[in-house]
Amino acid sequence: MADGTVYGTGSGAVTVTAGTNVQLGAISTTSSAISVTATGGTITDNLTSAESANLTSSATVTLTAATGIGASGTGDIDTTIGTLVASVTGVGSLFLEESDAIILLNVDTVNGSITISAGDTITATDVESTTSAEANDILLTATTGNITVGIVTAGTTAADVLLSAAAGNIEESSTADTDADIVGQSIELIASTGVGNSAQIEVNGVFIAAVTATGDITIQDTSGGLDVNTVDVNGDSSSTTGVSITGGGSTDIITIRTSSPLTISSNVTNTGGGNIVLAAEGTATTDDLTINADITAADGNGAVSLYAGNNISLSSISDISVTGSGTVLLRASTNYSGLVTLFLS
């Protein structure tokens, strides 16, 4: 499609197929499907006005390409759509920017990264970077809305996952399952009103960092243990350090539970008087809680409760601190799973 080409079909469906590349102008339909396929090449943005919508429809848009969809920065595919189905079938990445809310129904790359931003809520039903390599990260950013997660997976070998809802929350879509909602080597979660505030977020990763202004942070590791650390998935030096609630209240709680071991390498902080629960669950000799950073329940009466199926180890450089009438509980050789937290009196 030549630069500036606009296809408007009213309410009709649109299908575009090319043997190699598709250079997108603008395709618009009010409520019908759009399908764009670059069988042997890439789908690229070919509009001079780089942030104008390439694709507009309230229905499902399907994008399929062999070697990439969009490019980083202003080369991303710009959309105003309802639902996205997208696949990069060979080596190549996917870059897309949605102006409003979007449902990521089935989005995958065989060997490439996935970068999607939206002006409102992202519903990540199924997002997968199949080859867990260093360059194949998944970055989902909702600038004003929430992120609801079905499954977002980049594998645990090398690829990382960033979910950023800086003005909203991060929640799982189904509270009934116990499978991992987010899979990545390093997992970075940024929110304003909670991470797993309604129900715990299940993760399978190696390193994790999470921050919210208010609301709970509730994370359950499903396999192999977890290290609370400093994570910077997008490499812009705006890293997230440890796990923290920065401006919460007394009912806002941090709960990190792992299928052991659990290592605290960066600070865990709850500001506003809420509690902190850290638990390395299980009964094996490897189910240890190792603390190499500070744990702080500040500005209220919040308690800190630490559990390990085997040992709790505290380094000489680490402090555990509470304020007011807050208490500290350490229980080694205790499987926290299913227990009601008990605080010292």
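This is a predicted model, so every value here is computed, not measured.

Draft legend 1. Representation of the pattern of salt bridges within the structure. Overall, the coordinates contain one salt bridge when judged by the stated rule. In this structure, glutamate 281 engages arginine 257 in a salt bridge whose closest nitrogen and oxygen atoms are separated by 2.5 Å. Of the two residues, glutamate 281 is situated in the loop between strand 29 (276-280) and strand 30 (289-291) and arginine 257 in strand 26 (residues 254-258); the sequence distance between them amounts to 24 residues. Both residues of the pair, glutamate 281 and arginine 257, count as buried.

Draft legend 2. Focus on the nonpolar core. Counting residues in hydrophobic clusters, the biggest one holds 74 residues, and the most contacted among them are Val36, Ile43, Leu55, Leu63, Leu84, Leu140 and Leu189. Residue contributions to this core peak at five residues, all from strand 8 (residues 77-91). Not counting the four nearest positions on each side in its chain, valine 36 is found in contact with Val16, Val22, Leu24, Ile27, Ile43, Leu55, Thr62, Leu63 and Thr64.

Draft legend 3. Seen up close, the layout of surface pockets. Of the pockets and cavities examined, the largest pocket occupies roughly 230 Å³. Thr115, Leu139, Thr141, Leu162 and Asn234 are the residues nearest the centre of the largest pocket, which is lined by 18 residues in total. Looking at the lining of the largest pocket, its residues break down into seven nonpolar, eight polar and three charged.

Draft legend 4. Local environment of the pairing of strand 32 (residues 304-308). Among the five residues that make up strand 32, five are buried, leaving the element largely enclosed by the rest of the structure. Burial of strand 32 is two-sided: the residues Val304, Leu306 and Ala308 facing one way and the residues Ser305 and Tyr307 facing the other way are all buried. When strand 29 meets strand 32, the two strands line up parallel, connected through five bridges. Residue pairing across strands places alanine 280 opposite alanine 308, the latter belonging to strand 32. As paired elements, strand 32 and strand 35 (residues 328-331) share four bridges and run parallel to each other.

Draft legend 5. Geometry of the confidence of the model for the protein. Per-residue pLDDT for the protein averages 93, and the proportion of residues at 70 or more is 94%. Counting contacts from residues 340-345, a segment whose pLDDT is below 50, to residues more than four positions away or on other chains yields 16 contacts.

What counts, and where the lines are drawn
Residues numbered from 1 in each chain as written. Predicted model: local features only at pLDDT ≥ 70, side-chain atom pairs only at ≥ 80, totals over all residues. Heavy atoms only, no water. Salt bridge = Lys/Arg side-chain N within 4 Å of Asp/Glu carboxyl O. Helix = DSSP H or I, 4+ residues; strand = E, 2+ residues; numbered from the N terminus. Buried < 20%, exposed > 50% of the residue type's maximum accessible area, 1.4 Å probe, protein only. Core = buried A, V, L, I, M, F, W, Y, C linked by side-chain atoms within 4.5 Å. Contact = heavy atoms within 4.5 Å. 1 Å grid on protein atoms, 1.4 Å probe; cavity = no way out; pocket = protein on both sides within 12 Å on 5 of 7 lines; lining within 4 Å. Points joined across faces, edges and corners; volume = space filled by probe spheres on them. Nonpolar A, V, L, I, M, F, W, Y, C, P; charged D, E, K, R; others polar. Pairing = 2+ DSSP bridges. pLDDT = per-residue confidence, 0-100.

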